[in-house]
Structure formats: C-alpha cells, structure tokens
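Fold and geometry: a report
Here are the chains, one letter per residue:
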Amino acid sequence: MSRPVRVGIVLGSDSDLDVMLEAVKVLDALEVGSEVIVASAHRTPERARAYAQSAPGRGLGVLIAGAGGAAALPGFLAALTPLPVIGVPLAATPLAGLDALLAIAQMPKGVPVATVAIGSWGAANAGILAAQILATGDPALATRLAAYRARLADEVDERARKVADRLAPGGPARA
Ligand code: RP5
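Everything quoted here is computed from the prediction, not taken from an experiment.

1. Describing the pairing of strand β1 (residues 5-11)
- Burial of β1 is extensive: five of the seven residues sit out of reach of the surface.
- With six bridges connecting them, β1 and strand β2 (residues 33-38) associate as parallel partners. Within β2, the position partnered with glycine 8 by the bridge is glutamate 35.
- Crossover β1 to β2 through helix α1 (residues 17-29) is right-handed.

2. Examining the site of the ligand
- In the region of the ligand, the neighbouring residues are Gly12, Ser13, Ser15, Asp16, Arg43, Ala67, Gly68 and Ala92.
- Between arginine 43 and the ligand, the recorded distance is 2.7 Å, taken from a side-chain N or O atom to an oxygen atom.
- Contact distances for the ligand include 3.0 Å between an oxygen atom and a backbone N or O atom of glycine 68.
- Computed on the free molecule, the ligand has an accessible area of 360 Å², of which 70% lies beneath the protein chains in the complex.
- Grouping the constituent residues of the shell around the ligand by class yields two nonpolar, four polar and two charged.

3. Re the pattern of salt bridges
- What the rule picks out here adds up to five salt bridges.
- Between arginine 6 and aspartate 138 there is a salt bridge, with the nearest N and O atoms lying 2.9 Å from each other. Placement of the pair is arginine 6 in strand β1 and aspartate 138 in the loop between α5 (120-135) and α6 (139-167), with a sequence separation of 132 residues.
- Judged by its relative accessible area of 16%, aspartate 138 is buried.

4. What about the domain arrangement of the protein chain?
- For the protein chain, the domain assignment lists domain 1 (5-136) and domain 2 (140-175).
- Placing the centre of domain 1 and that of domain 2 at their C-alpha centroids yields a distance of 31 Å.
- Contacts between domain 1 and domain 2 engage nine residues on the former and six residues on the latter.
- Buried area between domain 1 and domain 2, both sides added, is near 740 Å², and the carbon and sulfur share of it is 69%.
- For the pair domain 1 and domain 2, the interface holds zero salt bridges.
- Here domain 1 is connected to domain 2 by one residue pair in polar contact (both at pLDDT 80 or more).
- Counting residues per element, the side of domain 1 that touches domain 2 draws most heavily on α5, which supplies five residues.
- A class-by-class count of the residues in the side of domain 1 that touches domain 2 yields six nonpolar, one polar and two charged.

5. A short note on helix α2 (residues 45-54)
- Within the sequence span of α2, burial applies to Ala48, Tyr51 and Ala52. Along the axis of α2, the buried residues cluster in a sector spanning 95 degrees; they form a single face.
- Buried-residue contacts for α2 involve β1, β2, β3 (62-67) and α3 (73-80).

6. Quick word on the environment of glycine 68
- You can see glycine 68 is positioned in the loop between β3 and α3.
- Expressed as a C-alpha distance, the spacing of glycine 68 and alanine 78, which sit 10 residues apart in the sequence, is 17 Å.
- The contacts of glycine 68, once residues within four sequence positions are left out, are Leu90, Ala92 and Ala100.

7. Quick word on the sheet that holds β2
- Reading across the sheet, the five strands line up as β2-β1-β3-β4-β5 and stay open at both edges, with parallel pairing between neighbours. This sheet does not close on itself; its edge strands, each paired only once, are β2 and β5 (114-115).
- Relative to β5, strand β4 (residues 85-89) is paired through two bridges, and the arrangement is parallel. Across the sheet, isoleucine 86 pairs through a bridge with alanine 114, a residue of β5.
- Its contacts with the sheet put α3 on β1, β3 and β4, and the angle it makes with β3 is roughly 150 degrees.
- Helix α4 (residues 98-105) rests against β3, β4 and β5 of the sheet, and its axis sits at about 160 degrees to β4.

How each quantity is defined
- Residues numbered from 1 in each chain as written.
- Predicted model: local features only at pLDDT ≥ 70, side-chain atom pairs only at ≥ 80, totals over all residues.
- Heavy atoms only, no water.
- Buried < 20%, exposed > 50% of the residue type's maximum accessible area, 1.4 Å probe, protein only.
- Helix = DSSP H or I, 4+ residues; strand = E, 2+ residues; numbered from the N terminus.
- Pairing = 2+ DSSP bridges.
- Right-handed = clockwise from strand over helix to strand, strands pointing away.
- Near = heavy atom within 4 Å.
- Polar contact = N/O pair within 3.5 Å; in protein donor to acceptor, adjacent residues only side chain to side chain.
- Areas by Shrake-Rupley, 256 points an atom, 1.4 Å probe, with all protein chains shown as cover.
- Nonpolar A, V, L, I, M, F, W, Y, C, P; charged D, E, K, R; others polar.
- Salt bridge = Lys/Arg side-chain N within 4 Å of Asp/Glu carboxyl O.
- Domains from an automatic or database assignment.
- Contact = heavy atoms within 4.5 Å.
- Buried area = accessible area lost by both parts, 1.4 Å probe.
- Arc of directions from axis to C-beta.
- Axes fitted to C-alpha atoms, helices over the stretch in contact; angles between N-to-C directions.

Right, dumping it as structure tokens:
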C-alpha cells in the first residue's frame, strides 16, 4: 500500500544504504511513508540543496540524513530547510564513526541537528524519533507508537522471565 511520503532519508553514499535500511524498516512498521535518496554534501551539493529546499513543499515533515566521513550532510540539509533534521553518524572511516558523531552533533548554535547513535541503532532510533515528531500532530500515529513501545516492554518481560527460569533452583544456570 503506498502512503504519502512524510520522511525523507538522505544518504551521503549508496554505501550507507544497508545500515540506513533500519530507519526504513521502523517507519514501515509504524506505517509512515518514507523515501530514500542519495545526495552528498561534498560530491553533489546542488542535488542535496534542491532536495532540502523542495522537501517542505512536497509534504515531508522530517529529514533523516546518514553520513560517514567528514559528515557534513545533516548540517548542510539543516541549513537549507526549516524541517527538523535527524543525523545518523555512520562508521565509514578508520575512526569507526566517532568522527561522524562529533561532526554531526557539534552544530553551531542556531542550526540544530538531532544526533542519534552511531550505526544501526542510530538508524532505527532516527526512524522512531521521526515518527514521534510527526505524531505530535497525528493521534493515529501516536497510538501506533504507543503499541510499539508496549511490544518493546513485552519483549523485556519475556527476557526477564527467561532469566528467572535459568536462575531458578534446579534451572539450567544452577544445574
Ligand atoms: C560519506 O562518505 C558517505 O556518507 C559515506 O558514509 C562515506 C563513504 O562514501 P563512499 O566512499 O562509500 O561513497 O560522504
């Protein structure tokens, strides 16, 4: 089922796709329409600029940008659009993503980028955070997010039960 695109996911390179698919998966699960494009701040600045500037008029509400290297992309987009931008630092260099984390987080005052964790956790959390931002004006999405949280809590309960079983007298951990 095709949904209106509300989240734009921008990759600095096609090599970022596998990790950034975690954001796509989360948004699909929450029934939030998204699109993925490749546009680099350094290699194709005009393409990135055109995307950032056209996004609000196309109905998008949040941008997610994944980048490694000298990870300018999230900040570049944030400078060009009024939409909230979430930056995902990727481990693309020998510095394992720490370089990208610092580059994305340390935005100058006045132009924020919401920075999440390095790699796949960050990509998934970027999807959730984008949905949370959109849910402030979408009660049905807020309900789906609440159900998602409840499922997470159920999973933790299940893990807690397994730990208790293992530690019970006569259980596998005590045998
Ligand atoms: C960044 O440089 C991209 O976002 C990617 O994470 C990294 C490496 O890009 P490729 O050399 O694989 O195209 O701009």
